[in-house]
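Close look at the chain arrangement
Each chain is listed here by its residues.
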Amino acid sequence: MNAAAKVKRIGVLTSGGDAPGMNACIRAVVRCGASHNLEVIGIRRGYKGLFAKDFVELGPRDVANIIQRGGTFLETARCEEMKMPGGVEKAALSLRERGIDGLITIGGDGTFRGATALAEAGDVKVIGVPGTIDNDVYGSDYTIGFDTAMNTALDAIDKIRDTASSLQRPFFIEVMGKARGFLALGVGIAGGAEEILIPEVETSIEAICEAIRHNIATGKKSSIIVVAEGDDAGGAIQIARQVGEQMGIEYRICILGHVQRGGSPTARDRILASKLGNMAVQALYQGKSGYMVGEVGGREALTPLEDTWRLSKELSPGLLQMVKVLAT
Ligand code: F6P
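Residues numbered from 1 in each chain as written. Predicted model: local features only at pLDDT ≥ 70, side-chain atom pairs only at ≥ 80, totals over all residues. Heavy atoms only, no water.

Our focus in this paragraph is the packing of helix H3 (residues 87-97) against helix H4 (residues 109-121). Two elements in contact, H3 and H4, have axes separated by 10 Å at closest approach and are oriented at 65°. Comparing the axis directions of H3 and H4 gives the class roughly perpendicular. Seen along the crossing, H3 lies across H4 with a hand that is right-handed. In contact with Val 88, Ala 91, Ala 92 and Leu 95 of H3, H4 contributes Ala 117, Leu 118 and Ala 121. (Axes fitted to C-alpha atoms, helices over the stretch in contact; angles between N-to-C directions. Helix = DSSP H or I, 4+ residues; strand = E, 2+ residues; numbered from the N terminus. Parallel < 35°, antiparallel > 145°, perpendicular 65-115°, else oblique. Left-handed = near helix turned anticlockwise from the far one by under 90°. Contact = heavy atoms within 4.5 Å.)

Here it is, written out as structure tokens:
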């Protein structure tokens, strides 16, 4: 995976769902690249930009005033063409034609599947940077955008708590996170949720009803039930309907949706994005390829790209038990 030859011109792209902090990461890549006298080429709309040859030269002044902006100024896409036969070879050819010998891909597991294939194609050195609000990537404790999304969802939950307790209604609040429960668990704990429903743990409608009954009997004014969008029992609508039918109570549902993906990145996300962008350039500069940069236990970590999507990141098992204790 490591090769001695140094890179001279590096490409950077953002792919998949955008995440707050991606701009801060692009800025770090461009400026760290410039400090090593590397040319940096932005590729617009993720891997799609490789097929469309949509390139833009980026210097330090081109990334001024973006560290605080949500989304990604390079734009992003989910690219089906990469998965088609011959797609990876075509993408590699496009990089070669533009003289790009190192590529930094910022995104989640889908992005890294493509990045793994590109790194294996051998022409270009590839380094991944984890950027997704889902925090579901193996090889980094936190992904860029997760902290901001948690805080955005938390702001909404705090507001909902005001109305939920005033009218004494249970609320089912659905958060994103794809097939994993990191976002739900994080915002649920921070928002003092009475119940957190995540795909990693089987959901029992009876247990939710029992918890709400207990809350009412012990004088709680509100029950906030945070539902991960990928929960096995369905989304907030399906779960709330079943609970409502069994208990004969009034309830409300709030699906936070794409609000969670937008907004100015938190300080924590900007710092993480800056560190990982810088680290990705250093890795390429040292001739490394086929890795994702990340932080594990507060330390810099390089993880083989393939492991980032083949291996599953663990949720802290004790946290759900803690939620039950704290919600009493
Ligand atoms: O992966 C990020 C994410 O926001 C997920 O949490 C969510 O399931 C998905 O993307 C939504 O994708 P789209 O923006 O394509 O609807």
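Moving on from the model shown.
Assignment of secondary structure puts Arg 261 in the loop between strand E9 (252-255) and helix H9 (267-285). There is a polar contact of 3.3 Å between the side chain of Arg 261 and the side chain of Asp 18. With sequence-adjacent residues up to four places away left out, Arg 261 is seen in contact with Gly 17, Asp 18, Pro 20, Arg 78, Ile 133 and Met 176. (Polar contact = N/O pair within 3.5 Å; in protein donor to acceptor, adjacent residues only side chain to side chain.)

For the rest of this paragraph, the subject is the sheet that holds strand E1 (residues 9-14). One open sheet accounts for seven strands, arranged E3-E2-E1-E4-E5-E10-E11; its pairing is mixed. Looking along the sheet, the strands with just one partner apiece sit at the ends: strand E3 (55-58) and strand E11 (299-304). The mean inter-strand angle of the sheet, taken between neighbouring strand axes irrespective of direction, is 30°. Bridging between strand E4 (residues 102-107) and strand E5 (residues 125-130) involves six bridges; their strand directions are parallel. (Pairing = 2+ DSSP bridges.)

One widely used convention gives an interface's size as the accessible area the parts lose upon coming together. Segmentation of the protein into domains returns domain 1 (4-145 + 265-310) and domain 2 (147-261). Domain 1 and domain 2 are separated by 34 Å when their C-alpha centres are compared. When domain 1 packs against domain 2, the two sides together hide about 1,200 Å² of surface, and 50% of this comes from carbon and sulfur. Taken together, the links from domain 1 to domain 2 amount to four salt bridges. Note that Asp 109 is salt-bridged to Lys 178, the shortest N-O span being 3.1 Å. Applying the counting rule to domain 1 against domain 2 returns 10 residue pairs in polar contact (both at pLDDT 80 or more). Per-class residue counts for the side of domain 1 that touches domain 2 are three nonpolar, four polar and seven charged. (Domains from an automatic or database assignment. Buried area = accessible area lost by both parts, 1.4 Å probe. Salt bridge = Lys/Arg side-chain N within 4 Å of Asp/Glu carboxyl O. Nonpolar A, V, L, I, M, F, W, Y, C, P; charged D, E, K, R; others polar.)

For the rest of this paragraph, the subject is the side chain of Gln 260. Counting through the fold element by element, Gln 260 comes out in the loop between E9 and H9. Overall, Gln 260 belongs to the buried group, its relative accessible area being 1%. Polar contacts involving the side chain of Gln 260 include one to the main-chain amide nitrogen of Met 176, which spans 3.1 Å. From its side chain, Gln 260 meets the backbone oxygen of Gly 257 in a polar contact 2.7 Å long. (Buried < 20%, exposed > 50% of the residue type's maximum accessible area, 1.4 Å probe, protein only.)

So, about the sheet that holds strand E8 (residues 223-228). Spatial strand order, E7-E8-E6-E9: four strands in an open sheet with parallel pairing. Of all the strands in the sheet, just strand E7 (195-197) and E9 have a single pairing partner and so form its edges. For this sheet, the mean angle separating the axes of adjacent strands, direction not counted, is 20°. Of the strand pairs in this sheet, E7 and E8 are connected by three bridges, and their pairing is parallel. Across the sheet, residue Ile 196 finds its bridge partner in E8, namely Val 226.

Before going further, it helps to examine the packing of helix H5 (residues 146-167) against helix H6 (residues 182-190). Packing of H5 against H6 leaves a shortest axis separation of 9 Å and a crossing angle of 50°. With respect to each other, H5 and H6 are oriented oblique. Crossing handedness for the pair H5 and H6: right-handed. On the side of H5, the interface is formed by Phe 146, Ala 149, Met 150, Ala 153, Leu 154 and Ile 157, while H6 contributes Phe 182, Leu 183, Gly 186, Val 187 and Ala 190. Split into classes, the residues belonging to the contact of H5 with H6 amount to 10 nonpolar, one polar and no charged.

Let us look at the layout of surface pockets. Counted as a void, the largest pocket has a volume near 530 Å³. Lining of the largest pocket is provided by 29 residues; of these, Gly 16, Gly 17, Arg 78, Gly 110 and Thr 111 occupy positions nearest its centre. Among the elements that take part in the lining of the largest pocket, H4 stands out by supplying six residues, more than any other. Grouping the constituent residues of the lining of the largest pocket by class yields eight nonpolar, 11 polar and 10 charged. No fewer than three residues from each of domain 1 (4-145 + 265-310) and domain 2 (147-261) sit in the lining of the largest pocket. Within this model, the second largest pocket holds a volume of roughly 300 Å³. Forming the boundary of the second largest pocket are 13 residues, of which Asn 135, Tyr 142, Phe 182, Ser 316 and Leu 319 lie nearest the centre. (1 Å grid on protein atoms, 1.4 Å probe; cavity = no way out; pocket = protein on both sides within 12 Å on 5 of 7 lines; lining within 4 Å. Points joined across faces, edges and corners; volume = space filled by probe spheres on them.)

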